[in-house]
Amino acid sequence: MSTHETVETFAPDPDFAAQANARAEDYERASADRLAFWDEQARRLDWSTEWSEVLDWSDAPVAKWYVGGTLNTAYNCVDRHVEAGNGDRVALHWVGEPTDDARDITYAQLKDEVSRTANYLSSLGLVAGDRVAIYMPLLPETYIAMLACARLGLTHSVVFAGFSAQALRSRVDDAEAKVVITADGQFRRGKPAPLKDGVDEALGDSLDSVSGPAESVQKVLVVRRTGIDVDWQSDRDVWWDEVIPEQSADHTPEAFDSEHPLFVLYTSGTTGKPKGIIHTTGGYLTQASYTHHVVFDHKPGEDVYWCTADVGWVTGHTYGVYGPLSNGATCMVYEGTPNSPDEHRHFQIIEKYGVSIYYAAPTLIRTFMKWGRQIPAGHDLSSIRLLGSVGEPINPEAWRWYRDHVGGSAVPVVDTWWQTETGAIMISPLPGVTAAKPGSAMRPLPGIDVSIVDGDAREVAAEDQGYLVITEPWPAMLRGIWGDMERYRDTYWSRFAEEGYYFAGDGAKWDADGDLWVLGRVDDVMNISGHRISTSEVESALVGHDAVAEAAVVGAADDTTGQAIVAYVILRESADDSEERHRALIDELRAAVSRDISPIAKPRDITVVPELPKTRSGKIMRRLLKDMAEGREGGDTSTLSDPTIIDQIKSKGVKG
Ligand code: WTA
């Protein structure tokens, strides 16, 4: 982390402040009466039935927000904008990866498409509460599918299309999804890559991890994207373009209870399998909508807003779909990678469409830095008026580079801290109101209460590192873990049970000015390019290989990806102990992780070692492995059962 002396403060620009959506008094109003503040924010949405109570926390830690209120999410994100006379406004500027591929979709068109899709899904007999898995690249149909589910009260589970068949299967099984919506393939780096093949593999009986086909799934709805060949099961598979266009575009949305589950999204935790984080309707949409409005200072009809995250992650849900559409935003949606066909792609899109608000992860910003400032300098980026960062701590250098070279040295940068579990932004400067410092998320938003505490729940002094906790319930908070409420209580609420604090799993500190710095995870969750992956998930993929006896995985600092996955493995005994065999195995192990989880979970380094550093009681000392992976010398080895082990690993380990 940077030292305090070098930190400059950017005061809000008076011209920006004069027209900002956020007001300084929002902080005071919210702290004077938090629930009245959230009551007011919920009124930004259209409800069918008003709530009787803002918050019922009597069954803590399971919250009920806007008790008894009813609303329809898709109506709020689509229909109401058409009814307000904005049907001709572009909702989605979609750009495919191939450069000649683009489609604009207005709010009126979106309403028709969502209605048709909803009519089709209900013709299958699906009813509110049923689950639908969505395994799609970033296409207009992905938005339409999510909104059609929301319109019917179907709980969607979006699975990132970069996840493996195995990962898809475990999510489909856990949520007992009845329908999977996918595409034949997706464009990646200029080429079509298969996607439905992965669905066929996931739902069939060829995976090692399962026996028999996925039982819950009745239909697979397939968008024709690339035209590549696919296998077809005619009793199960349906082409989107053969069933959706013929549906009626009339569909009356039903209002659902504020606590109706809107979606489940799987994310990695410290232990075990990824957990299905449950989000419900009224509180989630209230906070998604309010935070999008104030943190991005979004002006409907004027801004072109681009959240670069894939919908497979929570950022894509809240700030790609629900937050912006609830506010009638015109959203940029880009299917591909930032360097297809070359490194200019994002900047070309910004220039062509006049993108004014741009939201990205620090990893992407650091990648832009590596490509060089001449790339953004070659484009007119003057439409940009606000930049956001999310997903990992942003180093001050990257923050400054982003503001200078993408933001013309003039625009507010919001560093937004939140999690899949929090559902929406919790800590961020308010542009026009709060000053900003490169690397600091600054302040909890109005209506959000956090603290930084030591292991005994005592508040830490300024500049001291502690645990970030959330001290009061918030509208978009998760309502549980799908199928495992015990794990919900254990994971988030047992650490500070007496105080009733939510334990975020991040370390943080206040600086001397009272501004907040998030310092990274304090548990075994790694953050690779803004993606959460747990050490135990990767370890179990490694030990799943026949040749591996034991594995230990750590996240090591990496200049581009924030953290990188570094694995140490002990092999089972074998007659062939050659370096050649070890190298071949290392390749196999990378492939195994990729197959079990996703290519994003592939270790950067795998070292075959004779032994792992363990305490006398047999516990692996990850701290020493992390020191080694980050090139630090001389950690305390006195508690090791064999103090020479680190030297042995360094001299005998085979790294690949
Ligand atoms: C990290 C992503 C520092 C943090 C929205 C958190 C951040 C985890 C920031 C959640 C930030 C997210 N500064 N760290 N601005 N934003 N994180 O669930 O460790 O994919 O706990 O949600 O990302 O990751 P998730």
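Our subject is the structure that appears above.
No experiment lies behind these values; they were computed from the predicted model shown. (Residues numbered from 1 in each chain as written. Predicted model: local features only at pLDDT ≥ 70, side-chain atom pairs only at ≥ 80, totals over all residues. Heavy atoms only, no water.)

Draft legend 1. Just helix α19 (residues 622–629), in detail. If you check which residues of α19 are buried, you get Leu-624, Leu-625, Asp-627 and Met-628. Angular distribution of buried residues about the axis of α19 spans 155°; they occupy a single face of the element. Looking at the buried positions of α19, the neighbouring elements they touch are β28 (548–558), β29 (562–571) and α20 (645–652). Directly after α19, the chain includes Gly-631, whose backbone phi takes a positive value near 75°. (Buried < 20%, exposed > 50% of the residue type's maximum accessible area, 1.4 Å probe, protein only. Helix = DSSP H or I, 4+ residues; strand = E, 2+ residues; numbered from the N terminus. Arc of directions from axis to C-beta. Contact = heavy atoms within 4.5 Å.)

Draft legend 2. The sheet that holds strand β6 (residues 131–135), seen in detail. Within the open sheet, the eight strands sit side by side as β12-β11-β8-β6-β7-β14-β15-β23. Their pairing is mixed. Bordering the open sheet on either side are β12 (237–239) and β23 (480–481), each of which pairs with just one other strand. Of the pairings in the sheet, the one linking strand β8 (residues 179–183) to strand β11 (residues 219–223) comprises five bridges and is parallel in character. Paired with Val-180 across the two strands is Val-220, which belongs to β11. Contacts from helix α6 (residues 140–152) reach β6, β7 (155–158), β8, β11 and β14 (261–267), with the element oriented near 170° to β6. Against the sheet, helix α8 (residues 196–203) touches β6, β8, β11 and β12, its axis set at about 155° to β8. (Pairing = 2+ DSSP bridges. Axes fitted to C-alpha atoms, helices over the stretch in contact; angles between N-to-C directions.)

Draft legend 3. Expanded view of the nonpolar core. Of all hydrophobic cores here, the largest spans 158 residues; its most connected members are Leu-110, Tyr-322 and Leu-325. Looking at which element gives the most residues to this core, the answer is α6, with nine residues. When near neighbours in sequence (up to four residues on either side) are disregarded, Tyr-322 contacts Thr-73, Cys-77, Met-146, Leu-147, Ala-150, His-156, Leu-262, Phe-263, Tyr-284, Leu-285 and His-317. (Core = buried A, V, L, I, M, F, W, Y, C linked by side-chain atoms within 4.5 Å.)

Draft legend 4. Here's a closer look at the site of the ligand. The ligand sits among 17 residues. The nearest are Asp-415, Thr-416, Thr-420, Asp-506 and Arg-532. Contact between the ligand and Pro-393: a nitrogen atom at 3.4 Å from a main-chain N or O atom of the residue. In this structure, an oxygen atom belonging to the ligand sits 2.8 Å away from a side-chain N or O atom of Arg-521. Its free accessible area being 530 Å², the ligand has 97% of it covered by the protein chains. Elements supplying a minimum of two residues to the shell around the ligand: α11 (314–326), β20 (413–416) and β25 (516–521). The class makeup of the residues in the shell around the ligand is six nonpolar, six polar and five charged. (Near = heavy atom within 4 Å. Polar contact = N/O pair within 3.5 Å; in protein donor to acceptor, adjacent residues only side chain to side chain. Areas by Shrake-Rupley, 256 points an atom, 1.4 Å probe, with all protein chains shown as cover. Nonpolar A, V, L, I, M, F, W, Y, C, P; charged D, E, K, R; others polar.)

Draft legend 5. Highlighting the pairing of strand β15 (residues 275–280). Summarising burial for β15: six of the six residues are buried, a large majority. On β15, burial covers both faces: Lys-275, Ile-277 and His-279 on one face and Gly-276, Ile-278 and Thr-280 on the other are all buried. Sheet topology places β14 next to β15; six bridges connect them, and they run antiparallel. The residue of β15 that forms the bridge with Val-264 is Ile-278. As paired elements, β15 and β23 share two bridges and run antiparallel to each other. Within β23, the residue paired with Ile-277 across the bridge is Ile-481.

Draft legend 6. Summary view of the sheet that holds β25. Taken in spatial order, the four strands of this open sheet run β21-β22-β24-β25, and their pairing is antiparallel. Edge positions in the open sheet fall to β21 (450–453) and β25, since each of these has one partner strand only. On average, adjacent strands in this sheet sit at an angle of 45° to one another, irrespective of strand direction. Judged from the four bridges that link them, strand β22 (residues 466–470) and strand β24 (residues 502–510) form a sheet pairing that is antiparallel. Each residue of the ladder has a partner; that of Ile-470, found in β24, is Tyr-502.

Draft legend 7. Examining the packing of aromatic side chains more closely. In the structure shown here, the tally under the stated rule is 35 aromatic pairs. On the numbers, 5.1 Å between centres and 65° between planes, the contact of Trp-51 with Tyr-66 is edge-to-face. Taken as a pair, Trp-51 in the loop between α3 (34–42) and β1 (53–56) and Tyr-66 in strand β2 (residues 64–67) lie far apart in primary sequence, 15 residues in all. Among the residues examined, Trp-51 registers a relative accessible area of 9% and is labelled buried. Taking the centre distance of 5.7 Å and the plane angle of 75° together, the rings of Tyr-467 and Phe-503 count as edge-to-face. Here the residue Tyr-467 occupies a position in strand β22, and Phe-503 occupies one in strand β24, the gap between them amounting to 36 residues. An aromatic cluster is present here, built from Trp-57, Trp-474, Tyr-488, Tyr-492, Trp-493 and Tyr-502 joined pairwise through their rings. Looking at Arg-443, its charged tip hangs above the ring of Tyr-27, at a distance of 3.6 Å from the centre. Above the plane of the ring of Phe-503 lies Arg-495, whose end atom (NZ or CZ) is 6.0 Å from the centre. (Phe/Tyr/Trp six-rings, centres within 6.5 Å; stacked < 30°, edge-to-face > 60°. Lys NZ or Arg CZ within 6 Å of the ring centre and 35° of its normal.)

Draft legend 8. Main features of the packing of helix α13 (residues 362–371) against helix α15 (residues 396–406). Following both chains from N to C, one finds α13 and α15 inclined at 70°, their axes separated by 10 Å at the closest point. One element, α13, and the other, α15, form an angle in the roughly perpendicular class. Counting all contacts with α13, which are made through Ile-365, Arg-366, Phe-368 and Met-369, the residues of α15 involved are Glu-397, Ala-398, Trp-401 and Tyr-402. Considered class by class, the residues forming the contact of α13 with α15 number six nonpolar, no polar and two charged. (Parallel < 35°, antiparallel > 145°, perpendicular 65-115°, else oblique.)

Draft legend 9. Layout of the pattern of salt bridges. This model, assessed by the stated rule, comprises 43 salt bridges. Residue Glu-8 pairs with Arg-400 through a salt bridge whose shortest N-O separation is 3.0 Å. Pair noted here: Glu-8 is in the segment before α1 (14–18) and Arg-400 is in helix α15, with a separation of 392 residues, a long-range link. Under the relative-accessibility criterion, Glu-8 is labelled partly exposed at 29%. One salt bridge connects Glu-421 with Arg-532, and the closest N-O pair in it is separated by 2.9 Å. (Salt bridge = Lys/Arg side-chain N within 4 Å of Asp/Glu carboxyl O.)

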